[in-house]
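Breakdown of the fold
Listed below, chain by chain, are the residues.
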Amino acid sequence: MAENVDSNDQNTTDNPIKGILKRRKKEEESAENPVKSILKKSRTSSEGDKDASTQQPRSILRKRSDNAGEDSTEQTSKEDREKSKNLPVKVKVEKDLHEHAKSPKKSPEGKRLQNKVKAEKTSPPSVPLNVDLYNEDDDDYEAVQDPKVDRSRSCPYLDTINRSVLDFDFEKLCSVSLSHINVYACLVCGKYFQGRGKLSHAYTHSVQESHHVFLNLLTQKFYCLPDNYQIIDSSLDDIIYVLNPTFRDEHIASLDSSSKLSRAYDGTTYLPGIVGLNNIKENDYCNVILQALSHVTPLRNFFLQEENYKKIKRPPGDQMVLLVQRFGELLRKLWNPRNFKAHVSPHEMLQAVVLCSKKKFQITEQGDALEFMSWFLNALHLAMNGTRKLNSTIVNKTFRGKMKVFTRKVLPIDLKEEEKEKLLMTDEYLEHAEEIPWLYLTCDLPPPPLYPDELQENIIPQIPFATLLTKFNGVSEKEYKTHKDSQLKRFQITKLPNFVIIFIKRFTKNYFIKEKNPTIVNFPIKNIDFGDLLAPEHRVLHKNTTYDLMANIVHDGEPERGKGTYRVHVLHKGTQKWYEMQDLHVTDILPQMIPLSESYIQIYELRRDIPNPVYGKNPEELAAQQPESMELDK
């Protein structure tokens, strides 16, 4: 070794310019390809110290060097020490170059060296060997990983996910910026944050709280922050299903026949569809309507499949389509067999109701259940581009019927008989008939007694359900007074829908107070024949006219707004049991107890298994078989 060093020194002393040029060429080759030198150093270091090197992605190594200042300083100091070993030779070479360049001998070699020194001064600095060439751009949020190691399928933070705090029922807004754009859910604490870049709220939350697993609520993809890589794991499919439940045709067909209980994440059991709705403040009047409509089979089956209403075209800026989407999401959550909890919060649905109704129906103020149901069904019909045709939307196919309304003006009392006869011949006092569609039937209760009975007790009056329905038989007339005149109207049903909604009018208003009629209606739960309300020519056109009760909405308490409460009785077809639901409280109830309540709204379902005995017969024969009492009334 000593002989080789002496020979090299002798060559450089004999011809120093050639030695300088050789060393300069070696330095230029190493400067032109710094990546190879870096890889060589990494290989030699990994071979020399196998215990210290671990197979990790370069993004993690870079992250550790950025965060830990001590490690980075130690690494740079080691590199400086390695460079300092070769420093004397380099300084000596540079001195020789400058001396030859400044020498008065202007030989060709001296000129060439002088030009080379000038070029080195003007040329841009070469890339140093300790520069990290794998630093990512701040705007590019995709992490650079080693292709040999795929962390997307082996995230070490999956055990930190807390499914008991996950709640996707609330509005998808960032908890810091209140923005609905690019919202991520933290699967450790359940909060919503915006973005996942280095300056975003989700990134800051992950660093401060050490919460690493996040879910994009729009794309339904999982990410690990702050390392910023996508997580692909089949154990997270249950979270995606809770966020957006999906139903196949086979599953939907088996809902009405299945009595299988589902188990929530906290261990409680529940029946899909028989799930409590959270009362945020005063929205119980909305909850009972949503619960009743969720058990209407055609409406439920339509909204359980998002493909049926996903491509509805509305004018730009129209927000009514939001009502359709939110109602579909709520129904899918109510019938979800894999919920994390045994109740659902209708927060997003009610936000859409407040927005689309222009604050007519509020969460903080109790409203009327019938007004909300009428507005909601008509709004759904219009949002789905419905028309006057009965088969235009699922709402019309399910609830819309037809009736004829006969109207005539009442003659003045103070006129003579001759004058009355003349007025009856005019068109104004003739009876006019008009066929109109109807969504629900309004039944009027008789006024309650003003005085107590013989036993000095104010008994609660009762009335049969058939007596209320005589209003629609086309014979009985009712007077409707206005500020100008009064009219007599009679109603004749011409077409029965698959589901009949009955509204029992209990509230009356005057100038001073709002009163509630406590009369109890004695109604049967099964086998109610609405065919008696049809005229003979219309009754022979209906295959089935027998109905069963499937939902009963009750109002309890005083009539003033905010003082009463609503509850609903619903029939679960899979178990053939009745359940009473009032907000989050769900209990089973005997069917004999249902007619004893103060019913407000009822929904009846058509039975397909009981045929109409007069279907397809001659209507004239039926008219001849009518009872004599009916003819006398006519």
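As the structure is a prediction and not an experimental result, all values here were calculated from the model. (Residues numbered from 1 in each chain as written. Predicted model: local features only at pLDDT ≥ 70, side-chain atom pairs only at ≥ 80, totals over all residues. Heavy atoms only, no water.)

Description of helix H8 (residues 201-209)
Here is the rule we go by: Under the scheme applied here, a residue whose accessible area is under 20% of the maximum for its type counts as buried, over 50% as exposed, and between as partly exposed, the area being computed with a 1.4 Å probe on protein chains only. Helical segments are the DSSP runs of H or I of at least four residues, strand segments are the runs of E of at least two, and each set is numbered from the N terminus. This arc is taken over the directions from the axis of the helix to the C-beta atoms. Nitrogen and oxygen atoms within 3.5 Å of one another constitute a polar contact, given that in protein one can donate a hydrogen and the other can accept it, and given that sequence-neighbouring residues count only through two side-chain atoms.
Every buried residue belonging to H8 is among Ala202, Tyr203, His205 and Ser206, and all of these are buried. Down the axis of H8, the sector holding all buried residues measures 165 degrees, keeping them to one side. With a side-chain oxygen lying 3.4 Å from the backbone nitrogen of tyrosine 203, the N-terminal cap of H8 falls on serine 200. Looking at the residues trailing H8, positive phi occurs at serine 210, about 60 degrees.

Quick notes on the pairing of strand E10 (residues 401-409)
The cut-off we apply is this: If DSSP finds at least two bridges between two strands, the strands pair.
The pairing of E10 with strand E11 (residues 432-438) spans seven bridges and is antiparallel. Directly across from valine 405, in E11, lies its bridge partner glutamate 434.

Some thoughts on the side chain of arginine 196
Mapped onto the secondary structure, arginine 196 falls in the loop between strand E2 (192-194) and H8. Looking at arginine 196, the relative accessible area reads 13%, which means it is buried. One polar contact links arginine 196 to asparagine 228, side chain to side chain, over a distance of 2.9 Å.

Description of the pairing of strand E3 (residues 213-216)
On E3, burial covers both faces: Val213 and Leu215 on one face and Phe214 and Asn216 on the other are all buried. Across three bridges, strand E1 (residues 183-186) lies against E3 in antiparallel orientation. What sits directly across from tyrosine 184, in E3, is asparagine 216. Relative to strand E4 (residues 222-224), E3 is paired through three bridges, and the arrangement is antiparallel. From the neighbouring strand, leucine 215 faces E4, where its bridge partner is phenylalanine 222. Hairpin remark: E3 followed by E4, antiparallel, with five residues in the connecting loop; positive phi at glutamine 220, about 60 degrees.

What to know about a nonpolar patch on the surface
This is how it is decided: Every patch collects residues that have over 30% relative accessible area and no salt bridge, joining them within 9 Å if they carry like charges and within 5 Å if they are nonpolar side chains (Val, Leu, Ile, Met, Phe, Trp, Tyr). Here the open area of atoms and residues is found with the Shrake-Rupley method and a 1.4 Å probe, where only the protein chains shown may cover a residue. For salt bridges, the criterion is a side-chain nitrogen of Lys or Arg within 4 Å of an Asp or Glu carboxyl oxygen.
The grouping of Tyr511, Phe512 and Ile513 at the surface amounts to a nonpolar patch, some 490 Å² of accessible area in total. For tyrosine 511, the location among the structural elements is in the loop between strand E17 (507-509) and strand E18 (514-516).

Some remarks on unusual backbone geometry
Across the junction of leucine 225 and proline 226, the peptide omega takes the value 5 degrees, indicating a cis bond. Tracing the backbone shows proline 226 in the loop between E4 and strand E5 (229-231). For leucine 178, which is not glycine, the phi dihedral falls at a positive 60 degrees. In this structure, leucine 178 sits in the loop between helix H7 (108-122) and E1. When its relative accessible area of 61% is taken as the criterion, leucine 178 is described as exposed. A positive phi angle, near 55 degrees, is found at lysine 358, a position not held by glycine. Note on placement: lysine 358 falls in the loop between helix H14 (347-356) and helix H15 (369-383).

Points about the sheet that holds E3
Heads up, the condition is: Structural elements are reduced to axes, namely lines fitted to C-alpha atoms, with helices fitted over the stretch in contact, and the angle between N-to-C directions of any two is expressed from 0 to 180 degrees. We call two residues contacting when some pair of their heavy atoms lies within 4.5 Å.
What the five strands build is an open sheet, ordered E2-E1-E3-E4-E5; its pairing is antiparallel. Since the sheet does not close on itself, it has two edges, and those belong to E2 and E5, each with one partner. Strand after strand, the sheet turns through a mean of 40 degrees between neighbouring axes, direction not considered. Packing against the sheet, H8 makes contact with E1, E2 and E3, and its axis sits at approximately 120 degrees to E2.

Observations concerning the nonpolar core
In plain terms, the rule: The definition of a nonpolar core used throughout is a set of buried Ala, Val, Leu, Ile, Met, Phe, Trp, Tyr and Cys residues joined through side-chain atoms within 4.5 Å.
Grouped together as the largest cluster of nonpolar side chains are 71 residues, with contacts concentrated most on Phe303, Leu323, Phe327, Phe376, Phe399 and Ile601. For this core, the leading source of residues is H15, giving 10 residues. Beyond its immediate stretch of four places on either side in the chain, phenylalanine 399 contacts Leu293, Val296, Leu299, Leu377, Trp438, Leu439, Pro497, Phe499 and Ile501. Among the nonpolar cores identified, the runner-up in size contains 32 residues, and Val500, Val521, Leu533 and Ile594 belong to it.

Observations concerning the packing of helix H11 (residues 284-293) against H15
Put simply, the test is: For classification purposes, an angle smaller than 35 degrees is called roughly parallel, one larger than 145 roughly antiparallel, one from 65 to 115 roughly perpendicular, and anything else oblique. Left-handed describes a crossing in which the near helix is turned anticlockwise from the far one by less than a right angle; the clockwise case is right-handed. Gly is placed with the polar residues, together with every amino acid not listed as nonpolar (Ala, Val, Leu, Ile, Met, Phe, Trp, Tyr, Cys and Pro) or charged (Asp, Glu, Lys and Arg).
At a closest axis distance of 9 Å, the pairing of H11 and H15 adopts a crossing angle of 50 degrees. The orientation of H11 with respect to H15, classified from their angle, is oblique. H15 is crossed by H11, and the crossing has right-handed handedness. On H15, the residues that touch Tyr285, Cys286, Ile289, Leu290 and Leu293 of H11 are Ala369, Phe372, Met373, Phe376 and Leu377. Among the residues forming the contact of H11 with H15, the class breakdown is 10 nonpolar, no polar and no charged.

Focus on the sheet that holds strand E15 (residues 486-495)
Judged by pairing direction, the sheet is antiparallel, and its four strands sit side by side in the order E11-E10-E15-E14 without closing on themselves. On the outer flanks of this sheet lie E11 and strand E14 (478-481), each paired with one strand and no other. Taken pair by pair, the neighbouring strands of this sheet meet at an average axis angle of 35 degrees, ignoring direction. Strand direction decides the pairing type here: E10 and E15, joined by eight bridges, are antiparallel. Bridge assignment links lysine 409 to a residue of E15, and that residue is glutamine 487.

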